[in-house]
Amino acid sequence: MASTRETNTAAQQHLGELLNAGEIDRIDEVFAADVLDHDKAPDQGEGVEGTKGFFRTLTAAFPDAHLEVDQLVADEDNVVIAYRLSGTHQGDFQGVPATGKRVEARGVQVGRFADGKIVERWGATDELGILRQLGAQISAPETVHSIAQGDQPVMTERQDGFDDDIRDTATAATGSGRANDSEYQAGAHR
């Protein structure tokens with residue numbers, strides 16, 4: 001007989017398979033009907049139906065969305081994954097019309113399980129990194145205010161020196177001088 005840890009890990013792996021196959025309507029096989037998402041998207045509804053809505057929106061923007069788990073850690077109640085999300089931008093994403101660009105971003109999810117289903121979820125994906133890869137110009141003051149209000153980032157025209165300020169700050173913080181390479185923009189920096 002499988003342990004709770006093994007059951008929960010298998011459920012998490014099944015969720016990845018469903019998402020990669022685009023079978024959004026079946027994710028209630030893994031999420032409880034009343035799942036509590038502590039880190040919902042701004043327009044995401046409640047429970048598993050809200051989660052389905054989020055993934056429908058994501059796959060409308062990135063029809064070939066693919067989730068690859070890099071690390072999985074589990075105990076008897078929780079499964080934590082570090083993952084990479086990739087896809088080709090074929091539809092609107094947070095106000096950015098389709099660009100045809102391929103993106104990749106990192107993320108982390110913590111799922112608390114009961115009876116083999118996710119009943120609580122915490123997590124984040126590097127959406128700012130995705131927007132940067134799509135060429136969206138983000139204004140720092142409006143973005144900070146917008147995120148603090150629980151809204152989506154505000155895209156604006158380039159502000160003179162903004163990109164240079166980011167590059168200088170990132171270089172000083174990391175010492176890498178890699179602030180503009182694709183690995184950094186994809187959120188793969190640590």
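In what follows, the accompanying structure is described. In this text the structure is predicted, and so the values were computed from the model without any measurement.

Calculation notes
- Residues numbered from 1 in each chain as written.
- Predicted model: local features only at pLDDT ≥ 70, side-chain atom pairs only at ≥ 80, totals over all residues.
- Heavy atoms only, no water.
- Pairing = 2+ DSSP bridges.
- Helix = DSSP H or I, 4+ residues; strand = E, 2+ residues; numbered from the N terminus.
- Axes fitted to C-alpha atoms, helices over the stretch in contact; angles between N-to-C directions.
- Phe/Tyr/Trp six-rings, centres within 6.5 Å; stacked < 30°, edge-to-face > 60°.
- Buried < 20%, exposed > 50% of the residue type's maximum accessible area, 1.4 Å probe, protein only.
- Core = buried A, V, L, I, M, F, W, Y, C linked by side-chain atoms within 4.5 Å.
- Contact = heavy atoms within 4.5 Å.
- 1 Å grid on protein atoms, 1.4 Å probe; cavity = no way out; pocket = protein on both sides within 12 Å on 5 of 7 lines; lining within 4 Å.
- Points joined across faces, edges and corners; volume = space filled by probe spheres on them.
- Nonpolar A, V, L, I, M, F, W, Y, C, P; charged D, E, K, R; others polar.
- Polar contact = N/O pair within 3.5 Å; in protein donor to acceptor, adjacent residues only side chain to side chain.

### Focus on the sheet that holds strand 4 (residues 102–114)
- Taken in spatial order, the five strands make up an open sheet running 1-5-4-3-2, and their pairing is mixed. If you trace the sheet from one side to the other, it starts and ends with strand 1 (31–37) and strand 2 (66–74), each paired once. Sheet twist, expressed as the average angle between the axes of neighbouring strands with direction ignored, equals 30 degrees.
- Pairing of strand 3 (residues 78–88) with strand 4 involves 11 bridges; the strand directions are antiparallel. Along strand 4, the bridge assignment pairs Y83 with G107.

### Looking at the packing of aromatic side chains
- Taken as a whole and judged by the stated rule, the model has two aromatic pairs.
- Seen in terms of ring centroids, F54 and F55 are 5.0 Å apart; in terms of plane orientation they differ by 70 degrees. Their pairing is edge-to-face.
- The partly exposed category is assigned to F54, whose relative accessible area is 27%.
- Judged by its relative accessible area of 14%, F55 falls in the buried class.
- With a centroid separation of 5.3 Å and 65 degrees between ring planes, the pair formed by F62 and F93 is classed as edge-to-face. On the criterion of sequence distance, the pair formed by F62 in the loop between helix 2 (47–61) and strand 2 and F93 in the loop between strand 3 and strand 4 is long-range, its members being 31 residues apart.
- For F93, a relative accessible area of 9% translates into the label buried.

### Describing the nonpolar core
- Among the nonpolar cores identified, the biggest contains 32 residues, and I27, F62 and F93 are the most heavily contacted of them.
- When contributions to this core are tallied by element, the ones reaching two or more residues are helix 1 (4–20), strand 1, helix 2, strand 2, strand 3, strand 4 and helix 3 (127–133).
- With near-sequence residues (within four places) excluded, F93 lies in contact with L58, A61, F62, E127, I130, L131 and L134.

### What about empty space enclosed by the protein?
- Applying the stated rule across the entire model yields one cavity of 30 Å³ or more.
- The space that makes up the largest cavity amounts to roughly 40 Å³.
- In this structure, the largest cavity is lined by L58, F62, L85, S86, G87, V103 and I130.
- Element by element, the count of residues in the lining of the largest cavity is highest for strand 3, at three residues.
- Tallied by class, residues from the lining of the largest cavity come to five nonpolar, two polar and no charged.

### As for the side chain of H89
- Mapped onto the fold, H89 is located in the loop between strand 3 and strand 4.
- H89 gets classed as buried once you look at its relative accessible area, which sits at 0%.
- At 2.7 Å, the side chain of H89 forms a polar contact with the backbone oxygen of G91.
- The contacts of H89, once residues within four sequence positions are left out, are A61, F62, V96, P97, A98, T99, G100, K101 and L134.

Keep in mind these numbers describe shape, not what the thing actually does.
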